[in-house]
Amino acid sequence: MPTMTQEKTQTDLYIRQLSFWPHLSTPEKALLNNNTRTVRYEAGEQVHQGTLDCIGVLLVKSGQLRVYSLSEDGRDVTLYRLFAGDVAILSASCVLEAVTFPVNIDAEEDTEVLRIDASTFRQLAQNNVYVRCFGYEKAAGRLSDMLWKMQQILFLSADKRLAIFLLEESEKTGSDTIHLTHEQIARYMGSAREVVSRLVKYFSQEGWVKSGRGHLTILDKEALATLSGKE
């Protein structure tokens, strides 16, 4: 059972991240608090493995999680990433009957989360329509992210996908400097490192980006927006 300080911290996060919190009864709030615990994952550690486990809902306090799909031959495609303030709902897909898409989740860096027990979330969702709606709305949003990623891979050229990725990463971090290696960018894009390296070299020659060791800086957002079709 969490201490008073831990419960206060959890409640603050619930208020910010869980829209259903104000609609819980006092016993439901107690149930949620008593079945939520802080979990820490080291960089590279597997958090969730497809249909083999159902760990519950994760509220990311710090760090970064990568959600990906894994093929039978071991190839993976990054579907989206989760950062501080995000909620991982597909790690509890076993409690959402209409959501059966299996995903894997790894910690990209040292990460701390609040983990709501799957059975607790199931109980709350069964008895409280606000919790149930929250779960399906979050799942629908993540499935939309996944569809967008698949559309990029299937229908957009690699240079457009890289331009889109760099612009979205810049917007997400609030910086024109992207602190990722070519290998990381390729993994997040669902491409090959050699392809990304070739495109970064081309973008650099055009004066759109400046490449450095372990990072690159966007110099011409308008040119990338034109290439991506986002202007």
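Just so it is clear, the model here is predicted, and its values are computed rather than measured.

(A) Structural view of the packing of helix H6 (residues 182–189) against helix H7 (residues 193–205). Running from amino to carboxyl end, H6 crosses H7 at an angle of 115°, the nearest separation of the two axes being 8 Å. By the angle class used here, H6 and H7 are roughly perpendicular. By crossing handedness, the relation of H6 to H7 is classed as right-handed. Taken together, the residues of H7 that come into contact with H6 (itself represented by His 182, Glu 183, Ile 185, Ala 186 and Met 189) are Arg 193, Val 196, Ser 197 and Val 200. Of the residues in the contact of H6 with H7, the class split is five nonpolar, two polar and two charged.

(B) Fine view of the environment of Ala 225. Locating Ala 225 in the fold gives a position in helix H8 (residues 221–228). In the structure, Ala 225 is positioned 148 residues away from Val 77 in sequence and 24 Å away in space, judged by C-alpha atoms.

(C) Quick peek at the sheet that holds strand E3 (residues 57–62). Sheet architecture is open: four strands sit in the order E1-E8-E3-E6, paired in antiparallel fashion. The outermost strands of the open sheet, each flanked by one partner alone, are strand E1 (36–41) and strand E6 (87–88). In this structure, E3 lies alongside E6, joined through two bridges in antiparallel fashion. Within the sheet, the bridge partner assigned to Leu 59 lies in E6 and is Val 87.

(D) A look at helix H2 (residues 26–34). Listed in full, the buried residues belonging to H2 are Glu 28, Leu 32 and Asn 33. Viewed along the axis of H2, the buried residues span an arc of 135°, placing them on a single side of the element. Seen from the buried face of H2, the exposed residues on the opposite side, beyond 90 degrees, are Thr 26 and Pro 27.

(E) Main features of the packing of aromatic side chains. The final tally for this structure, using the stated rule, is seven aromatic pairs. Taking the centre distance of 5.0 Å and the plane angle of 80° together, the rings of Phe 20 and Phe 134 count as edge-to-face. Highlighted residues: Phe 20 in the loop between helix H1 (4–17) and H2 and Phe 134 in helix H4 (residues 129–155), separated in sequence by 114 residues. Taken as a pair, Phe 20 and Phe 134 share a single burial class, namely buried.

(F) Quick peek at the pairing of strand E11 (residues 215–218). Residues of E11 alternate between two faces, with Leu 216 and Ile 218 buried on one and His 215 and Thr 217 left unburied on the opposite face. Sheet topology note: the strand E9 (residues 177–178)/E11 ladder contains two bridges and is antiparallel. Its bridge partner being in E11, Ile 178 is matched across the sheet by Leu 216. The loop that links strand E10 (residues 209–212) with its antiparallel partner E11 comprises two residues; one of these, Gly 214, has a positive phi angle of about 80°.

Basis of the calculations
Residues numbered from 1 in each chain as written. Predicted model: local features only at pLDDT ≥ 70, side-chain atom pairs only at ≥ 80, totals over all residues. Heavy atoms only, no water. Axes fitted to C-alpha atoms, helices over the stretch in contact; angles between N-to-C directions. Helix = DSSP H or I, 4+ residues; strand = E, 2+ residues; numbered from the N terminus. Parallel < 35°, antiparallel > 145°, perpendicular 65-115°, else oblique. Left-handed = near helix turned anticlockwise from the far one by under 90°. Contact = heavy atoms within 4.5 Å. Nonpolar A, V, L, I, M, F, W, Y, C, P; charged D, E, K, R; others polar. Pairing = 2+ DSSP bridges. Buried < 20%, exposed > 50% of the residue type's maximum accessible area, 1.4 Å probe, protein only. Arc of directions from axis to C-beta. Phe/Tyr/Trp six-rings, centres within 6.5 Å; stacked < 30°, edge-to-face > 60°.

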